[in-house]
Each structure stands twice: as structure tokens, then as C-alpha cells.
Amino acid sequence: MDWERWQRSWDRQQELYLPDREERFRVMLDVVEAVAGPTPRVLDLACGTGSISRRLFARLPHATSIGVDLDPALLTIARGSFADDPRIRLVSADLHAPDWIAEMPDEPFDAVVTATALHWLTTPPLLRLYADLAKLLRPGGVFLNADHMPEPGRPLLHAADDNIRRTYQDRARGAGALDWEGWWAAAAAEPNLADAVSASQEIYGTDDSGDTHPADWHIARLLESGFLEAGVVWRCFGDAMVAAIR
């Protein structure tokens, strides 16, 4: 099984919707390295195929990571591509569940990172998650959340962002990139992924519930959850990355 091919395919599919995806990863790892140094213990939250951890290890080879996700198909790709890499442990856990934190080690993390994932949570479990993360990070550790965080009252800028993304998507599709539906259809047709894709569909179905909040809302909630400082460290139109220091 060519797991690297599936990693590349996932990257291209994600970049179809997030043309600045690599830039947000670069900034995220800039902050992790600045706060935690060359050997950070990282929690890769809602890790998917392990996109952030892969880039973490490429940049900081002596880092370690725990990747947490619930999606069986994405975790299957992650497990296949990381194989026996001792730097990472992959955990299946539901961030909606109050007891997900029981899967985490006692030793605190230097950094918690996540990208384009937490907007799938509704507000109550997200607030509980923020409180949990404050417990999991060491004092001085950093949490980084890059996600959809549109600012209210800026319809013209958001329209410009939509136009830019559509132009990019047209070019990417012309170059052969699969969209979300096409990627999942291809994964379902792969014998080594078919069962995992079926399990993913049973878990998620057509549920697209979740709450999107502006960056200022996230900053305020993180401070209320026990973080010492929080602020925006990157933005591109309606997407932003909030960093919070424990």
C-alpha cells in the first residue's frame, strides 16, 4: 500500500480549499519552536492523517507527538505512513466526549496544535475542550488553533476571499486535484481503506454541525479557561490562527 500517495492526495484535496495551508503550518511551527525549542512534546489535536506531525518532524526531527482523532480512515492512513516511527503515538478519541482526556499521558505537553478542525465542534464541547487543554499544557506551553474565524461586518472582504479561493480551486481541479467528495469516493474504492471509510461514514454520516466564531471570541474563551495570554498570530481573510500561552 502506497501510504505516501494517499498523504499527497489528502494534501492536494485540502489545499483545494486552503491555498494558504502550508503558510499556516509554517507559522504554527515557528511559534512551537520559539516557545518550546528543538525537542517539543506536542499534542496534534484532530490530527487527521498526521499532516502537522509530518511537518513537525521534518522541521524538528527530535520532537515527539501524540496524534488524536476519531476518523478511522484518516487514522488508517496516518498509521500506515508513520509505520513504526517511535516519535508518534496515534490515539482514537472523540473530542465531543468529556472523558477523551483520559487517553492522555500524565506528563504535560509543550504545545498543542490543531488546524481546520475545531469548527466542527459545537460551543459547549469546545469550551470544555479549552479547559482540558489548559490542564494538559505545562506552564509556558502554547496552544495554536488555525481555523475558520471570519470577522463580522466585513462582507466585501469575505466576498473577495471567496473569489480568490474559487479561482484557485478552478486551477487546482484543472491540474487534477480531487475535491472533498471525490477524495472520499476514491478512498472508498481502495480495498485497503474501504472498511475504514465505511466506519468513518457510520460515525459522521451527513452531520455538518458545528459553530464558527471570530478570533476575538476564541481569545476571550481561552483566557477564561486559564491561559495567561492569547492573540492572533496569523490571518488570511476569514481564516486565522490564535495562539494562547498557558
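Residues numbered from 1 in each chain as written. Predicted model: local features only at pLDDT ≥ 70, side-chain atom pairs only at ≥ 80, totals over all residues. Heavy atoms only, no water.

Another aspect to go through is the environment of Leu127. Topologically, Leu127 is positioned in helix α5 (residues 123–136). Its relative accessible area of 34% is what places Leu127 among the partly exposed residues. Apart from the residues within four sequence positions on either side, Leu127 is in contact with Trp217, Arg221 and Ser225. (Helix = DSSP H or I, 4+ residues; strand = E, 2+ residues; numbered from the N terminus. Buried < 20%, exposed > 50% of the residue type's maximum accessible area, 1.4 Å probe, protein only. Contact = heavy atoms within 4.5 Å.)

For the rest of this paragraph, the subject is the packing of helix α4 (residues 72–82) against helix α8 (residues 194–204). It is the contact of α4 with α8, at a shortest axis distance of 7 Å, that shows an interaxial angle of 140°. Contacts from Pro72, Ala73 and Thr76 in α4 reach Ala196, Val197, Ala199, Ser200 and Ile203 in α8. Class assignment of the residues belonging to the contact of α4 with α8 gives a composition of six nonpolar, two polar and no charged. (Axes fitted to C-alpha atoms, helices over the stretch in contact; angles between N-to-C directions. Nonpolar A, V, L, I, M, F, W, Y, C, P; charged D, E, K, R; others polar.)

Bringing the pattern of salt bridges into the picture now. Evaluated as defined, the whole model comprises 18 salt bridges. Arg59 is the partner of Glu33 in a salt bridge, and the nearest nitrogen-oxygen pair spans 2.8 Å. Residue Glu33 is located in helix α2 (residues 21–36), and its partner Arg59 is located in helix α3 (residues 51–59); the two are separated by 26 residues in the primary sequence. Here Asp132 makes a salt bridge to Lys135, at a shortest N to O gap of 4.0 Å. Pair noted here: Asp132 and Lys135 are both in helix α5, with a separation of three residues, about one helical turn. Judged by its relative accessible area of 6%, Asp132 is buried. In the salt-bridge network here, residues are joined through shared partners; they are Asp20, Arg24, Asp161, Arg165 and Asp239. (Salt bridge = Lys/Arg side-chain N within 4 Å of Asp/Glu carboxyl O.)

Turning to a nonpolar patch on the surface, a few remarks are in order. On the surface, a nonpolar cluster with roughly 260 Å² of combined accessible area is contributed by Leu157, Ile164 and Phe237. Residue placement: Leu157 occurs in helix α6 (residues 155–174). (Patch = residues over 30% accessible without salt bridge, like charges linked within 9 Å, V, L, I, M, F, W, Y side chains within 5 Å. Areas by Shrake-Rupley, 256 points an atom, 1.4 Å probe, with all protein chains shown as cover.)

So, on to the pairing of strand β6 (residues 229–236). Bridge count between β6 and strand β7 (residues 239–245): seven bridges; the pairing is antiparallel. Across the sheet, Glu229 pairs through a bridge with Ile245, a residue of β7. Turn length for the β6-β7 hairpin, with the two strands adjacent in sequence and antiparallel, is two residues, and the turn residue Phe237 shows positive phi of about 55°. (Pairing = 2+ DSSP bridges.)

For β7, the tally of buried residues reaches six of seven residues, placing the bulk of the element in the interior. Sheet topology places strand β5 (residues 137–148) next to β7; seven bridges connect them, and they run antiparallel. In the sheet register, Leu144 faces β7, and the bridge partner there is Ala243.

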